[in-house]
Amino acid sequence: MTSYKELGLVNTKDIFKKAVSGGYAIPAYNFNNMEQMQAIIMACVETKSPVILQVSAGARKYANQNILKNMARGAVEYAHELGYDIPIVLHLDHGDSFEICKDCIETGFSSVMIDGSHFSYEENVALTKKVCEFAHSQKDYITVEGELGVLAGVEDDVSSEHSHYTQPSEVVDFVSKTKVDSLAISIGTSHGRAKFKPDQCTRDANGILIPPPLRFDILEEVEKQIPGFPIVLHGSSSVPIEYVHMIEKFGGKLTDSVGIPEEQLRKAAKSAVCKINIDSDGRLAMTAIIRKILVEQPDEFDPRKLIGPARDELKKLYAHKNQNVLGSAGQA
Ligand code: G3H
Ligand code: 13P
Ligand code: ZN
């Protein structure tokens, strides 16, 4: 059993409280490798932002849970070496069983998500409650994120359009029965780089897809039901069109890409939304740069010359998000 405190990590309790009252959101960036972790830490130290390092089940398989845990320890030391100690959370993204949450808790994660949103409401309550009881009874309190409502994309199991959104009438009961520390809700975001179907969008004069607005009415209703309670938004990549164009210019094909406009995320961050999940934008940034170098410098075969510049771009992108979208810059 490793406690997250031994690794120098924090849970989400205090940082969420400050973010809700301060009207900003903490970035939750997914990482799978050293370069992503370095870029996240460089960006967050430079902008003095707290940060949540997120590990998906896929990341655990890809990189190995022990390696990721030790990278999180390294991230704390790296931030210190860069000259500014920021709060760093190691969080399991979309845990789908009690066992995976327990496993992560026992190997040094300071926060877990139990995503029971595909189950019936009663099963979701029971599973989330079980994880909370275990997480909260540890010597060092581990925070738990639950989810109500279903996002499209990786969670795309539910076919009814209406049932994708969170029902505000359920949130008081869910939060009080489960004792979750934060709640992910569904207000129209979705995972991946194609967040809406073209027929759900309009197009601007250049043919670029313009998505429908997020359901801020649902967010407001949720806030009325559980005032000040920490709310999480998944699927919050903006899918920058410059990266999509760069990838396509250098041989890729990313038809019908569309994300969440930054202004809408900025508006959400000013509300009780205190954690915003971003993964796809980082993938796009790194892939765009790697493709460009491969095409423009065909004799290059040193991986550092491909991944290093991709890491620099990722750092730039995440610093921009902290400063101009989430408002987390200067809050560490
Ligand atoms: O929520 C999904 C995240 O983007 C993680 O994606 O399962 O491919 O690592 P992944
Ligand atoms: P994006 O696919 O929009 O980056 O969302 C990531 C996410 O929600 C991870 O849990
Ligand atoms: Zn997610």
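Residues numbered from 1 in each chain as written. Chains lettered and ligands numbered in written order. Predicted model: local features only at pLDDT ≥ 70, side-chain atom pairs only at ≥ 80, totals over all residues. Heavy atoms only, no water.

### Here's the deal with the sheet that holds strand β4 (residues 111-114)
Phase 1: Ordered in space as β1-β2-β3-β4-β5-β6-β9-β10, the eight strands form a closed barrel in which the pairing is parallel. With direction set aside, neighbouring strand axes in the sheet form an average angle of 25°.
Phase 2: Relative to strand β10 (residues 273-278), strand β1 (residues 26-30) runs parallel, the two sharing four bridges. Paired with alanine 28 across the bridge in β10 is asparagine 277. (Pairing = 2+ DSSP bridges. Helix = DSSP H or I, 4+ residues; strand = E, 2+ residues; numbered from the N terminus. Axes fitted to C-alpha atoms, helices over the stretch in contact; angles between N-to-C directions.)

### Here we look at the pattern of salt bridges
Phase 1: The full count for this structure, using the stated rule, is 16 salt bridges.
Phase 2: We note a salt bridge from glutamate 106 to lysine 102, for which the minimum N-O separation is 3.4 Å. Separated by four residues within a single helix, glutamate 106 and lysine 102 lie in helix α5 (residues 98-106), roughly one turn from each other. (Salt bridge = Lys/Arg side-chain N within 4 Å of Asp/Glu carboxyl O.)

### Observations regarding the site of ligand 2
Phase 1: In the vicinity of ligand 2, 16 residues are found, and the nearest of them are Asp93, Lys195, Ser237, Asp279 and Ser280.
Phase 2: Within the backbone of glycine 192, one N or O atom sits 2.8 Å away from an oxygen atom of ligand 2.
Phase 3: For ligand 2, an oxygen atom lies 2.6 Å from a polar atom in the side chain of lysine 195.
Phase 4: Contact with the protein chains removes 96% of the 310 Å² of surface that ligand 2 exposes when unbound.
Phase 5: Elements with a contribution of two residues or more to the shell around ligand 2: β3 (88-95) and β10. (Near = heavy atom within 4 Å. Polar contact = N/O pair within 3.5 Å; in protein donor to acceptor, adjacent residues only side chain to side chain. Areas by Shrake-Rupley, 256 points an atom, 1.4 Å probe, with all protein chains shown as cover.)

### Notes on the environment of aspartate 115
Phase 1: Within the fold, aspartate 115 resides in the loop between β4 and α6 (121-136).
Phase 2: Taking relative accessible area as the criterion, aspartate 115 reaches 5% and is therefore assigned buried.
Phase 3: In this structure, the C-alpha to C-alpha distance between aspartate 115 and valine 131, residues 16 residues apart in sequence, is 11 Å. (Buried < 20%, exposed > 50% of the residue type's maximum accessible area, 1.4 Å probe, protein only.)

### Notes on the nonpolar core
Phase 1: Counting residues in hydrophobic clusters, the biggest one holds 104 residues, and the most contacted among them are Phe31, Ile41, Ile88 and Leu183.
Phase 2: In terms of residues, this core owes the most to one element, helix α12 (residues 303-326), which gives eight residues.
Phase 3: Not counting residues up to four positions away in its chain, the partners in contact with isoleucine 41 are Val51, Ala75, Tyr78, Ala79, Leu82 and Ile88. (Core = buried A, V, L, I, M, F, W, Y, C linked by side-chain atoms within 4.5 Å. Contact = heavy atoms within 4.5 Å.)

### Regarding the site of ligand 1
Phase 1: Near ligand 1, the surroundings consist of Asn30, Ser56, Asp93, His94, His191, Asp279 and Arg283.
Phase 2: Contacts to ligand 1 include aspartate 279, whose side-chain N or O atom sits 2.6 Å from an oxygen atom.
Phase 3: Bound to the protein, ligand 1 loses 73% of the 310 Å² it would expose on its own.
Phase 4: By residue class, the composition of the shell around ligand 1 is no nonpolar, four polar and three charged. (Nonpolar A, V, L, I, M, F, W, Y, C, P; charged D, E, K, R; others polar.)

### Concerning the packing of helix α9 (residues 241-249) against helix α11 (residues 280-296)
Phase 1: Viewed as axis vectors pointing N to C, α9 and α11 meet at an angle of 35°, and their least axial separation amounts to 8 Å. Judged by the twist between their axes, the crossing of α9 over α11 is left-handed. In this structure, α9 contributes Tyr243, Met246 and Ile247 to the contact, and α11 contributes Leu284, Ala285, Thr287, Ala288, Ile289, Arg291 and Lys292.
Phase 2: Within the contact of α9 with α11, the residues separate by chemical class into seven nonpolar, one polar and two charged. (Left-handed = near helix turned anticlockwise from the far one by under 90°.)

### Examining the coordination of the zinc ion (ligand 3)
Each donor-metal-donor angle would ideally measure 109.5 degrees in four-coordinate tetrahedral geometry, or 90 or 180 degrees in six-coordinate octahedral geometry.
Phase 1: Protein-derived ligands of the zinc ion (ligand 3) are His94 (NE2), His191 (NE2) and His234 (ND1), with the metal-ligand distances lying across 2.0 to 2.1 Å.
Phase 2: Donor residues binding the zinc ion (ligand 3) come from one chain and are separated in sequence as H-x96-H-x42-H. Residue histidine 94 is found in strand β3, and its partner histidine 234 is found in the loop between β9 (231-233) and α9; the two are separated by 140 residues along the sequence.
Phase 3: Given a relative accessible area of 18%, histidine 94 falls into the buried group. (Donors = N, O, S within 2.8 Å, 3.2 Å for Na, K, Ca; no water.)

Treat this as a map of the structure, not an account of what it does.
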